[in-house]
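# Observations on the model geometry
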Amino acid sequence: ITNYSQLAFHADLSAVSGKKALKVIEDYISGAAGDYYLAVEGAIPEKMPEACVIGEKYFATYLEEAAKTMSGAVAIGACACDGGIPAAEGNVTGAIGLPEFYEKRGITKPVINIRGCSVHPDWVWHTVIHLTRVGMPELTDGGSPALFFNRTVHEQCPRYHDFQQEVFAEKLGDKGCLFKLGCLGPDTPADCSTRWWNGGRTWCIDSNAPCIGCASPSFARSKSIPFYRLSEKKNASENRGDIA
């Protein structure tokens, strides 16, 4: 990674801090340090800009200034792409993702969306290296790298055969497709089932947990689409007044 790219500043990873860190940021955003891509983590609190301040300047102000000099931006994570959990229905901060933030301001610089909560490190660094060595990667309709997000979790799921045969798990721990337990794999573009997580050790469905759609643009936005839902059988029995 370090052979092909340079991390100028990151709040957690950089050794520099305080005024020196602010100078690094200003040097790049002013254009004095040369070409760069802006990488953004976290949602932008549009209705409460004072909720996110770097130094003595609003985060949103940095983003607007960077748009004048950056080659493009990479939104990393569900929050940076679409607002994520901070943008959940009923939030008071008006949190939004970077693409919407720029669209509202008529800024047309390219933004690559790497969705996920959390993001797989491969998705981030492979994209960064592609940008520096090859150029802009092929993107999906949702603005994400097609290499990772061109097919849904459902399409690539090892339990897809169970879905076709209508073999559904009725409770956690059961064999079969987890759709009736709330799996959002059909609405979630990501290659989790082939890439796996935690150093290739496991992933959600392998751990018998339904996909919660963290790589979907609609993740956490609406109260009507919870992370988990009761099985259809349990809902039906409760509606009849039975004890489940």
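Here's a quick rundown of the structure. All figures in this text were calculated on a predicted structure; none of them were measured in a lab. (Residues numbered from 1 in each chain as written. Predicted model: local features only at pLDDT ≥ 70, side-chain atom pairs only at ≥ 80, totals over all residues. Heavy atoms only, no water.)

### Some points on the packing of aromatic side chains
Per the counting criterion, the structure on display carries 8 aromatic pairs. Between the aromatic rings of Phe-101 and Tyr-102, the centroid separation amounts to 5.8 Å while the plane-to-plane angle is 55°, which identifies the pairing as tilted. The two residues Phe-101 and Tyr-102 agree in class, both being buried. Residues Phe-163 and Phe-168 carry aromatic rings whose centres are separated by 6.1 Å and whose planes lie at 85° to one another, so their mutual orientation is edge-to-face. Members of the aromatic cluster, joined through ring pairs, are Trp-123, Phe-148, Phe-149 and Trp-197. Lying over the aromatic face of Tyr-62, Lys-57 brings its terminal NZ or CZ to 4.8 Å of the ring centre. (Phe/Tyr/Trp six-rings, centres within 6.5 Å; stacked < 30°, edge-to-face > 60°. Buried < 20%, exposed > 50% of the residue type's maximum accessible area, 1.4 Å probe, protein only. Lys NZ or Arg CZ within 6 Å of the ring centre and 35° of its normal.)

### Quick word on the pattern of salt bridges
Following the criterion strictly, the structure yields 12 salt bridges and no others. Between Lys-57 and Glu-65 there is a salt bridge, and its shortest N-O distance comes to 3.2 Å. A salt bridge links Glu-155 to Arg-151; the nearest nitrogen and oxygen atoms lie 4.0 Å apart. On the basis of relative accessible area, Glu-155 is assigned to the partly exposed category, the value being 41%. Put simply, Glu-46, Glu-64, Glu-100, Lys-104 and Arg-105 are held in one network by salt bridges that share partners. (Salt bridge = Lys/Arg side-chain N within 4 Å of Asp/Glu carboxyl O.)

### Quick look at the pairing of strand β5 (residues 72–76)
With 5 of 5 residues buried, β5 is to be regarded as a mostly interior element. Burial along β5 is two-sided: the residues Gly-72, Val-74 and Ile-76 and Ala-73 and Ala-75 are all buried. Where strand β1 (residues 37–41) meets β5, 5 bridges bridge the pair, whose relative direction is parallel. The residue of β5 that forms the bridge with Glu-41 is Ile-76. One ladder, built from 4 bridges, connects β5 with strand β7 (residues 111–114); its direction is parallel. For Ile-76, the partnering residue across the bridge sits in β7 and is Ile-114. (Helix = DSSP H or I, 4+ residues; strand = E, 2+ residues; numbered from the N terminus. Pairing = 2+ DSSP bridges.)

### Comments concerning the environment of Glu-89
Inspection of the secondary structure puts Glu-89 in the loop between α3 (78–82) and β6 (95–96). With relative accessibility at 46%, the residue Glu-89 sits in the partly exposed group. Taking the C-alpha atoms as reference points, Glu-89 and Arg-221, separated by 132 residues in sequence, lie 5.6 Å from one another. The contacts of Glu-89, once residues within four sequence positions are left out, are Ala-220, Arg-221, Ser-222 and Lys-223. A distance of 2.9 Å separates the side chain of Glu-89 from the backbone nitrogen of Lys-223, its partner in a polar contact. (Contact = heavy atoms within 4.5 Å. Polar contact = N/O pair within 3.5 Å; in protein donor to acceptor, adjacent residues only side chain to side chain.)

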